[in-house]
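# Structure assessment
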Amino acid sequence: MATITEKILSAHLAEGGVDGKLPAAGSEIAIRMDQTLTQDATGTMAYLEWEALGLPRVKTELSVSYVDHNTLQTDFMNADDHDYLRSVAAKYGILFSRPGNGICHQVHLERFARPGKTLLGSDSHTPTAGGAGSLAIGAGGLDVALAMGGGRFYLNMPKIVGVKLTGELQPWVSAKDVILELLKRLDVKGGVGKVFEYFGPGVRTLSVPERATITNMGAELGATTSIFPSDNVTKKYLESEGRADQWAELSPDSFSDYKERIEIDLSTIEPMVAKPHSPGNVGKVSELEGQKVNQVIIGSCTNSSYRDLMIAAAIVKGKTVHPEVSFAILPGSRQVYEMIAKNGALADLIASGARILESACGPCIGMGLAPRSGAVTVRTFNRNFEGRCGTADAKAYLVSPETAAAIALSGVFTDPRKLGESSAPKEPGNLSPKATWFPKIRNAKTEVDDSMIIQPPDPDSPEPVEIIRGPNIRPLPELKPLEASLSKEVLLKVGDNVTTDHIMPAGAKILPLRSNVPAISEFVFSKLDPTFPKRAKEKGGGIVVGGENYGQGSSREHAAIAPLYLGVRAVIAKSWARIHKDNLMNWGIVPLTFANPADYEKISQGDMVEMPNLREELKAGKEVTLKAKGAEIKAKCELTPRAIEILLEGGLIPYTKKHAK
Ligand code: MIC
Ligand code: SF4
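Residues numbered from 1 in each chain as written. Chains lettered and ligands numbered in written order. Predicted model: local features only at pLDDT ≥ 70, side-chain atom pairs only at ≥ 80, totals over all residues. Heavy atoms only, no water.

Before going further, it helps to examine the site of ligand 2. Inspection of the region around ligand 2 gives His69, His105, Asp123, His125, Ser300, Cys301, Cys361, Cys364, Ile365, Asn382 and Arg388 as its neighbouring residues. Considering only residue class, the shell around ligand 2 consists of 4 nonpolar, 5 polar and 2 charged. (Near = heavy atom within 4 Å. Nonpolar A, V, L, I, M, F, W, Y, C, P; charged D, E, K, R; others polar.)

In structure tokens:
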């Protein structure tokens, strides 16, 4: 008897089984990856790592390199990076999704996600593909590079949580409200070490893109991944994408297999909103009713499907957006763009006053459309961390497309249910305001066209592929084995839930430096303390002290590589976000956890911390002894013996090179 996750894990298990079976939650396992994806902002680093590993050609069933983040080309840098990515893809057997073709997760869902397959992606929202029954996990670029070469992916056996969906969503309520409800209940670290598996009668009321909205934002719960069964709805979706042959049924053997359960009655969900500055700070839209809004954006990998854009278009059709609201849309893929262009919905959006952006991440990662000072910006995105939108004092709220469109018209927080039956969207076809009311949308003819996905040339082709490297592409920093002892200053002490956007900010100015570690390191912690890089260099490096859930959010390795470049050798925190902890370990920075969280109070910024026996203690699997201001503090290194070995050798690249011989 097994859950869907267990079935997929068992079928892909490469290491860590007990008598051929999956071990208990928390034990390390290794699995084989069928597919990988990278996006440009993490991809340049992933492919530089791939090159450093000296691997000949990808060994996965499918590897795709997307360009969707760094598309605002204000100088040569991003365009150079795109050429690098295109040439690497051609050389090593990777599909290349050109800039403009769409956001990696939306395109992957449409064109490649397959039930029962494993997918590793260098982006934290890779679990989007779980909407189509893939076991899809986000990781650092180095892990993805290894998986492309046929290497195993190591993770701790997750706890599987069954989320039982009953009932049906009410009019004007949609998938985004469901995941926001879950975030309200569990908050941003409620999913750490867990997989959320959806089951029950409510599942069949949700289309694949709606399911994908839910699995996408499982990342905000800190979950390893989230997954839906593969049923008739999945079958129809794959058929519409011309991929009927890729369907496979996927369901748990028995609902009683879920030891830990959560129940959500879809019919009781109301329009929800995540308030500043955390996706876990959730309330009801009705509670904010009437408060002024300056900007509304519909897009991102969470809510930019054909369904989402069609609903927004239907709501604003024949109306004009509020004069004081800047309203913008970004369809998630070229497929969505083409479909709404052909059926006239795009014209309705344009006529309403929407600003039309290209199919990319854009403002979700601060790439343009930063709102005015102190703005209230309402987005259908998945993250609303402080400053992420590009305006330091803006307040970002996360909502469904229905709520966003309603607000775009009224200029104030508006519960979309207020739009009522009478103003329910009427086009195309007979739309009634029910959640399952969009048969016309669901059954629309999908425009399948893969011409913007470039196939790599045949490996035997006589034409050698030359890798194109612009001046912005700089080599990786050098990795050295871990020192026997450390004596370093606490360069920075931060509180709980520090995100990778705090550690290594993104945005239009910084993102183009993703392939240039020396340059990007000048921005480490710049939003929290702009003196950090200078101080780190002056002091010859140091350590960082963090609170709970340190490193939540993105999979960006730069939050490890750039601090390493500045000499950060260890981070001591109360608890961790999975991907960031792995990234630190992969790059030879020691992630330590306070054995007694109260000891966090005993260390201050500026203190010298000594770890006289660091290497020996780690090697022996013992707690690490820290000395600060005369006090002795114990810290755990919650890594497996294999991961500690990686740390001792200075990171995953030297470790892999050594052990490959
Ligand atoms: C994000 O949403 O924060 C990003 C940008 O997509 C990141 C990846 C990155 O930093 O490049 C993510 O979610 O992993
Ligand atoms: Fe892109 Fe935003 Fe999705 Fe990250 S969360 S992949 S930046 S759309």
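Moving on, we come to the sheet that holds strand β10 (residues 194-199). Hydrogen bonds along the backbone pair up the strands of a sheet, which may run parallel or antiparallel. Taken in spatial order, the 4 strands line up as β11-β10-β9-β12 in an open sheet, and their pairing is parallel. Since the sheet does not close on itself, it has two edges, and those belong to β11 (225-227) and β12 (260-265), each with one partner. Going from strand to strand, the sheet's axes swing by 20° on average, the running direction of each strand aside. Pairing analysis gives 6 bridges linking strand β9 (residues 159-166) to β10, with the strands arranged parallel. By the bridge assignment, Lys159 is partnered in β10 with Lys194. Helix α6 (residues 175-186) rests against β10 and β12 of the sheet, and its axis sits at about 130° to β12. (Pairing = 2+ DSSP bridges. Helix = DSSP H or I, 4+ residues; strand = E, 2+ residues; numbered from the N terminus. Axes fitted to C-alpha atoms, helices over the stretch in contact; angles between N-to-C directions. Contact = heavy atoms within 4.5 Å.)

A few words now on the pattern of salt bridges. Scanning the model with the defined rule gives 37 salt bridges in all. Here Lys117 and Glu61 are joined by a salt bridge, their closest N and O atoms 3.0 Å apart. Taken together, the residues span a long stretch of sequence, with Lys117 in the loop between α4 (104-111) and β6 (118-121) and Glu61 in the loop between α2 (40-53) and β4 (62-66) at a distance of 56 residues. Residue Glu324 pairs with Lys292 through a salt bridge whose shortest N-O separation is 2.7 Å. With Glu324 in the loop between α9 (306-316) and β16 (326-329) and Lys292 in the loop between β14 (282-284) and β15 (295-298), this residue pair connects regions lying 32 residues apart in the sequence. On the basis of relative accessible area, Lys292 is assigned to the partly exposed category, the value being 41%. (Salt bridge = Lys/Arg side-chain N within 4 Å of Asp/Glu carboxyl O. Buried < 20%, exposed > 50% of the residue type's maximum accessible area, 1.4 Å probe, protein only.)

With respect to burial, helix α17 (residues 558-565) is a largely interior element, 7 of its 8 residues being buried. Those residues of α17 that sit buried are His558, Ala559, Ala560, Ile561, Ala562, Pro563 and Leu564.

Around ligand 1 sit 14 residues, and of these Asp123, Ser124, Arg514, Ser555 and Arg556 come closest. The separation between an oxygen atom of ligand 1 and a polar side-chain atom of Gln39 is 3.0 Å. Compared with its free state, where it exposes 330 Å², ligand 1 has 97% of that area covered by protein. Among the residues forming the shell around ligand 1, the class breakdown is 2 nonpolar, 7 polar and 5 charged. (Polar contact = N/O pair within 3.5 Å; in protein donor to acceptor, adjacent residues only side chain to side chain. Areas by Shrake-Rupley, 256 points an atom, 1.4 Å probe, with all protein chains shown as cover.)

Along the chain, Thr42 turns up in helix α2. Not counting residues within four places of it along the chain, the set of residues in contact with Thr42 comprises Ser122, Arg514, Ser555 and Arg556.

Right, let's get into the layout of surface pockets. A volume near 1,200 Å³ is recorded for the largest pocket. Lining the largest pocket we find 46 residues, and of these Glu28, Tyr154, Leu155, Asp582 and Arg642 sit closest to its centre. Among the secondary structure elements, those contributing two or more residues to the lining of the largest pocket are α5 (141-148), β8 (153-156), α18 (578-586), α20 (641-648) and α21 (652-660). At 6 residues, the largest contribution of residues to the lining of the largest pocket is made by α21. Of the residues contributing to the lining of the largest pocket, the split by class is 19 nonpolar, 13 polar and 14 charged. (1 Å grid on protein atoms, 1.4 Å probe; cavity = no way out; pocket = protein on both sides within 12 Å on 5 of 7 lines; lining within 4 Å. Points joined across faces, edges and corners; volume = space filled by probe spheres on them.)

Further remarks concern the packing of aromatic side chains. Counted under the stated rule, the structure contains 8 aromatic pairs. An angle of 65° between the planes, with centres 4.9 Å apart, marks the rings of Phe525 and Phe532 as edge-to-face. Ring geometry for Tyr550 against Trp576: centres 5.5 Å apart, planes inclined by 85°, an arrangement best described as edge-to-face. Of this pair, Tyr550 sits in the loop between β22 (542-545) and α17 while Trp576 sits in the loop between β23 (568-573) and α18; the two residues are 26 residues apart in sequence, bridging distant segments of the chain. Trp576 matches Tyr550 in its accessibility class, with the two residues each being buried. Ring-pair connections join several aromatic residues into one group, and the members of that group are Phe199, Phe255 and Tyr258. One Lys or Arg, Lys235, reaches over the ring of Trp247 and ends 4.9 Å from the middle of that ring. (Phe/Tyr/Trp six-rings, centres within 6.5 Å; stacked < 30°, edge-to-face > 60°. Lys NZ or Arg CZ within 6 Å of the ring centre and 35° of its normal.)

Turning to the pairing of strand β2 (residues 28-31), a few remarks are in order. Bridge analysis of strand β1 (residues 13-15) against β2 gives 2 bridges, and the strand direction is antiparallel. Across the sheet, residue Leu13 finds its bridge partner in β2, namely Ile31. In this structure, β2 lies alongside β8, joined through 4 bridges in antiparallel fashion. Each residue of the ladder has a partner; that of Ile29, found in β8, is Leu155.

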